[in-house]
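What the coordinates show
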Amino acid sequence: MAAEKALALVVRGTDWSETSRITTLFTREFGKVRALAKGGRRLKSNFDVAFDLLTVCHIVFLRKAHGGLDLLTEAQMAERFPALRHDLHALYAGYYVAELLADGTQDYDPHPPLFDAAVATLRGFTIPASRPSPPSPPEGASPEPAGRSLAHPFPGNAGGVSLPPTLDSVTAFELVWLKELGYSPRLDVCTGCGARVLPPGAVRVLFSPSAGGVLCSVCGPGVSDRRALSAAGLTALRGLTAPGEQPPPDLSPVRGELRALLGQLVSFVLGRRPRLLGYVEGR
Amino acid sequence: MVESGGVMQELLEELTKLPGIGPKSAERIAHFLLSGDRQNAVALADALRAVAEKIRPCRECFNLTDRELCPVCADPRRDGGLICVVEMPRDVNSFERAGTFRGLYHVLGGKLAPLDGMGPDRLTLNVLVERVRRGGVKEVILATSPTLEGDGTALFAANLLEGTGVTVTRLARGLPSGSSLELANAQMLADAMEGRRRF
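Residues numbered from 1 in each chain as written. Chains lettered and ligands numbered in written order. Predicted model: local features only at pLDDT ≥ 70, side-chain atom pairs only at ≥ 80, totals over all residues. Heavy atoms only, no water.

Our next topic: the sheet that holds strand β8 (residues 227-230) of chain A. Residues and elements named next belong to chain A. Spatial ordering of the open sheet is given by β7-β6-β8, a layout of three strands whose pairing is antiparallel. Strands at the two margins of the open sheet, each flanked by one partner only, are β7 (213-215) and β8. Averaged over all adjacent pairs, the angle separating strand axes in this sheet is 50 degrees, with direction ignored. Along the sheet, helix α4 (residues 231-241) makes contact with β6 (204-208), β7 and β8, crossing β8 at roughly 80 degrees. Together, β6 and β8 form the strand contacts of helix α5 (residues 255-270), whose direction differs from that of β8 by roughly 140 degrees. (Pairing = 2+ DSSP bridges. Helix = DSSP H or I, 4+ residues; strand = E, 2+ residues; numbered from the N terminus. Axes fitted to C-alpha atoms, helices over the stretch in contact; angles between N-to-C directions. Contact = heavy atoms within 4.5 Å.)

All names here are of chain A. α5 packs onto helix α3 (residues 166-180) with a crossing angle of 35 degrees between their chain directions and a minimal axis gap of 11 Å. The handedness of the crossing between α3 and α5 is left-handed. In this structure, α3 contributes L167, D168, V170, T171, E174, L175, W177 and L178 to the contact, and α5 contributes R255, R259, L262, L265, V266, V269 and L270. Here the residues of the contact of α3 with α5 sort into ten nonpolar, one polar and four charged. (Left-handed = near helix turned anticlockwise from the far one by under 90°. Nonpolar A, V, L, I, M, F, W, Y, C, P; charged D, E, K, R; others polar.)

Turning our attention to the packing of aromatic side chains. Overall, the coordinates contain five aromatic pairs over all chains when judged by the stated rule. Geometrically, the ring pair formed by F30(A) and Y108(A) is edge-to-face, given 6.3 Å between the ring centres and 80 degrees between the ring planes. Residue F30(A) is located in the loop between β2 (20-27) and β3 (31-37), and its partner Y108(A) is located in the loop between α1 (88-103) and α2 (112-124); the two are separated by 78 residues in the primary sequence. On the basis of relative accessible area, F30(A) is assigned to the buried category, the value being 15%. When the ring of F95(B) is compared with that of Y105(B), the centres are 6.3 Å apart and the planes differ by 45 degrees; the resulting orientation is tilted. Taken as a pair, F95(B) in helix α5 (residues 89-98) and Y105(B) in strand β4 (residues 103-107) lie far apart in primary sequence, ten residues in all. Taken together, the ring pairs in this structure connect F30(A), F61(A) and Y108(A) into an aromatic cluster. (Phe/Tyr/Trp six-rings, centres within 6.5 Å; stacked < 30°, edge-to-face > 60°. Buried < 20%, exposed > 50% of the residue type's maximum accessible area, 1.4 Å probe, protein only.)

Right, let's get into the sheet that holds strand β5 (residues 139-142) of chain B. The pairing of strands in a sheet comes from backbone hydrogen bonds and takes either a parallel or an antiparallel form. Residue and element names in this part refer to chain B. The four strands lie next to each other as β4-β3-β5-β6, forming an open sheet whose pairing is parallel. Each edge of the open sheet carries a strand with a single partner, namely β4 and β6 (167-170). In this sheet, neighbouring strand axes are inclined to one another by 25 degrees on average, regardless of whether the strands run parallel or antiparallel. Across four bridges, the pairing between β5 and β6 is parallel. Its bridge partner lying in β6, L142 is registered against R170. Contacts from α5 reach β3 (79-86) and β4, with the element oriented near 155 degrees to β4.

Quick look at the nonpolar core now. Residue and element names in this part refer to chain A. Membership of the largest hydrophobic core comes to 85 residues, with the highest contact counts inside it found for L9, L84, Y95, L101, F173 and W177. If one sorts the elements of this core by residue count, α1 sits on top with twelve residues. Excluding residues within four positions of it along the chain, L101 makes contact with L9, V11, F26, K32, L114, A118 and F173. By size, the runner-up hydrophobic cluster in this structure holds 16 residues, among which are A6, V10, C57 and A75. (Core = buried A, V, L, I, M, F, W, Y, C linked by side-chain atoms within 4.5 Å.)

Turning our eyes to something else, we now look at α4(A). When α4(A) is considered as a whole, its buried residues turn out to be A231(A), G233(A), L234(A), A236(A), L237(A) and G239(A). As for α4(A), its buried residues are in contact with α3, β6, β7, β8 and α5 of chain A.

Residue and element names in this part refer to chain A. At a minimum axis distance of 10 Å, the contact between α1 and α3 shows a crossing angle of 10 degrees. Judged on the interaxial angle alone, α3 and α1 are roughly parallel. Taking contact as the criterion, the partners of H89, A90, A93, Y96, V97, L100 and L101 in α1 are, on α3, T166, V170, F173, E174 and W177. Across the contact of α1 with α3, the residue classes tally to nine nonpolar, two polar and one charged. (Parallel < 35°, antiparallel > 145°, perpendicular 65-115°, else oblique.)

Structural data, given as structure tokens:
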């Protein structure tokens, strides 16, 4: 067994026996690694406090030759993200990043740009200056008693009326995740016939997750999971995916549309709807 | 050799369902129970049966009890203006062993962990809010684990309680009493520095 060193993000963890812990780590060097940290639950151990979820840590581990869990021998915390402890939007977005890394990547399949994008996304969340005020009830609704409802404990997520700006970071991360997994959507020409999809004057195109991108008006109607994508949404998506193009400074006009589209695309690639998607979008 | 399908085999199978008990430990426990006074085994069985049949969540705080109200909620000397919110009933025992808290508890039944399918609807948060709305509560102490999931649960609860007028606090964190700075890790020191108090 060779000892390996890596920089890792903790994406899942479960207690094992009274003192040990099984941890899933997304490492920059090796991709996803599942390892046993013997004594990892003890207050004094070789693992510092490194195994808290969404903590970046330097690890040393023994790689098992024939599958099974690797064995962690050392871990030291490198970075934590304070905003996750102060803002529920950021926390859920962080959990969502963890879910995509843990369930949407293979063991020992390294993707350094994906690791960097995950850390940059988490680093980008900032602690709100003050706790936001409760949302005002919709017109005609009876005033809610003191305290918030269980379904919507923070403002800005009720019914998806006002999606939080945190989602733009999530959107950017999803696009990196899709690109690294080889599912980056094709947005320039029709995925069916290669024709130009947005002729001058057109206000919307068709998009299909199973087709892997946009479709022309001839190919589109034959695809069952097609959905409409506005010209503004397509431009924004192109800006976010193409390195040469600049994304629009404010995604708010197309935020809802992009969320719906990417939610469908990520669910298609993952083979199921991500557990955290509803939390992230407040639905 | 244990006879397959016999009562001994049944006991071994039941024992191996317990946390940390493998087949060898199960066999050792079974032989221990049978080698001494058989009355001990019967007493254990009776205790297990009584626990399974009688223990239930407290009507008020969801701590485990064999009555309608747990001993803490039923004690008129406890301060009803203070509610300490914990994840599991065993956390209540930890605080009671410390013997410094004289208020009441509220057991959430877990922590908010959406990655593991543990959403807010599976916790007793709505009952907590109801308790606070009933009045008489001055402070809610959020005593969930000092992990990301524990902090997230506390944040969620704090948001729910916002607007009720109650003071919401979080347990302090940092250096363990009786230890030394030399043994403290970076996070403990950072927490202790952040949560320092006037001397």
